Amino acid sequence: MKKIGVLTGGGDCPGLNAVIRAVVKKSRQYNWDVIGIKNGWKGLINGEMELLTDYSVSGILPKGGTIIGTSRTNPFNNKEDIQRVLDNINKFGLDAIVAIGGDDTLSVAKKLYDMGVPVIGVPKTIDNDLSGTDYTFGFDTAVSIATEAIDRLHTTAESHHRVIVVELMGRHAGWIATMAGIAGGADEILIPEVPFDLDEVCKNLKSRYDRGKKFSIVAVAEGARPKITDTSNEDNVTQSHDIEMGLITQTSEKDDFGHVRLGGIGHYLAKEIEKRMNVETRVTALGHVQRGGTPTAHDRVLATRFGVAAVELIKNNDFGKMVALQGNKIVPVKLEEAVSKTKTVDMDLYEIAKVFFG
Ligand code: F6P
């Protein structure tokens, strides 16, 4: 008889509940209890837990968000918090912890594992930027939502002969913008991996207009930046946006993991494009719509496979690992590998996207 703690950390993501359900159902086969740790690492600091029964996970497979809540709490910011985490693991008798999260949550998991805590990671993020796995769950749903948005923006852009800039999530990596941009036929895709040159962007869009295509869609990841040589941004940023290291941000405030809140690149671009091209331009920032609602069938299946595999690793006492998708197989990879570097957009894929620019 074991007691497994499960937590969800960082930004929520479609498919979290599918993982939780799979962990509970697979654990039941071994007659193990699963304890839901509330609101990520914060729940382990404060000892906020609830037993997850069959009843708790009934009907949650298609549900977005996470039934146990999430937070961006980093227990390593404070020695006392870490001590509380260790004390609560003992107090609640947790034999293992399944941490479902992105690079921040899993970097905490790795540090705890190094301290002797039996941890398994499950890769979650709509951004798809975790190393060691071909895909994270949640990404497919976000790409589907973004693609539908681009399809819808196309018809209105065409009717009004406008440029529409669509701002998508993607802090360090432009996976959503690249995939949804290809799927939706965007005329420019701007991503953090490739700093953009505004003159180049406008030249591409202008060539469309010269060919008689009087509308354009620009997909931009929130973490995209102008090339350093382009100094025009400082003059044109609206007062509500700050530029930090070339990134356009909403505030300079940082979260527990040192990230500033991004947002505003779409407005910056639209203003510049309108000014330089003299074409009416609009912006749509999709924001948290990309993370909300029901997961796609693909994400439900992937999340379910991850949840079952996480329990199997516990059964084998194979800790310090993250379950990962490689090819069509679920395999264990070291947590260390998962958090060592950001998985940025494959440049071969971006080259394909570029064929359709302008
Ligand atoms: O989870 C990653 C992410 O989707 C980033 O792309 C984005 O910058 C961030 O979450 C925003 O999350 P929140 O507004 O919830 O802090």
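Residues numbered from 1 in each chain as written. Predicted model: local features only at pLDDT ≥ 70, side-chain atom pairs only at ≥ 80, totals over all residues. Heavy atoms only, no water.

### Observations regarding the environment of Ile314
Moving on, step 1. Within the secondary structure, Ile314 sits in helix α10 (residues 297-315).
Moving on, step 2. As a C-alpha pair, Ile314 and Pro118 span 196 residues in sequence and 8.4 Å in three-dimensional space. (Helix = DSSP H or I, 4+ residues; strand = E, 2+ residues; numbered from the N terminus.)

### Thoughts on the packing of helix α6 (residues 175-184) against helix α12 (residues 347-354)
Moving on, step 1. The N-to-C vectors of α6 and α12 enclose an angle of 40°; their axes lie 10 Å apart at closest approach. Accordingly, the angle class assigned to the pair α6 and α12 is oblique. Two packed elements cross with a definite hand, and for α6 against α12 that hand is left-handed. In this structure, α6 uses Trp175, Thr178, Met179 and Ile182 to contact α12, whose residues at the interface are Leu349, Tyr350 and Ala353.
Moving on, step 2. When the residues that make up the contact of α6 with α12 are grouped by side-chain class, the tally is six nonpolar, one polar and no charged. (Axes fitted to C-alpha atoms, helices over the stretch in contact; angles between N-to-C directions. Parallel < 35°, antiparallel > 145°, perpendicular 65-115°, else oblique. Left-handed = near helix turned anticlockwise from the far one by under 90°. Contact = heavy atoms within 4.5 Å. Nonpolar A, V, L, I, M, F, W, Y, C, P; charged D, E, K, R; others polar.)

### Focus on the sheet that holds strand β7 (residues 188-190)
Moving on, step 1. An order of β7-β8-β6-β12 is seen for the four strands of this open sheet, with the pairing classed as parallel. The strands lining the two open edges of the sheet, one partner per strand, are β7 and β12 (281-285). Adjacent strand axes in the sheet meet at a mean angle of 15° when their direction is disregarded.
Moving on, step 2. Alignment of β7 against strand β8 (residues 216-221), held across three bridges, turns out to be parallel. Looking across to β8, one finds that Ile189 is bridged to Ala219.
Moving on, step 3. Where α6 meets the sheet, its contacts fall on β6 (163-168), β7 and β8, and the angle it forms with β7 comes to roughly 170°. (Pairing = 2+ DSSP bridges.)

### Quick look at the domain arrangement of the protein
Moving on, step 1. Taken domain by domain, the protein comprises domain 1 (3-137 + 295-338) and domain 2 (140-292).
Moving on, step 2. A straight line from the C-alpha centre of domain 1 to that of domain 2 covers 33 Å.
Moving on, step 3. On the domain 2 side, the residues contacting the 20 residues of domain 1 number 19 residues.
Moving on, step 4. In total, about 1600 Å² of surface goes out of reach between domain 1 and domain 2, with carbon and sulfur atoms giving 53% of it.
Moving on, step 5. Three residues stand out in domain 1 for area buried against domain 2, namely Arg72, Ile126 and Asp127, and they jointly supply 32% of the buried area on that side.
Moving on, step 6. Counting the contacts that link domain 1 with domain 2 gives one salt bridge.
Moving on, step 7. Between Asp12 and Arg291 there is a salt bridge, with the nearest N and O atoms lying 2.9 Å from each other.
Moving on, step 8. Counting every contact that joins domain 1 to domain 2 gives nine residue pairs in polar contact (both at pLDDT 80 or more).
Moving on, step 9. For the side of domain 1 that touches domain 2, the secondary-structure elements that each account for two or more residues are α4 (103-114) and α10.
Moving on, step 10. Of all the elements, α4 adds the most residues to the side of domain 1 that touches domain 2, at three residues.
Moving on, step 11. Among the residues forming the side of domain 1 that touches domain 2, the class breakdown is six nonpolar, eight polar and six charged. (Domains from an automatic or database assignment. Buried area = accessible area lost by both parts, 1.4 Å probe. Salt bridge = Lys/Arg side-chain N within 4 Å of Asp/Glu carboxyl O. Polar contact = N/O pair within 3.5 Å; in protein donor to acceptor, adjacent residues only side chain to side chain.)

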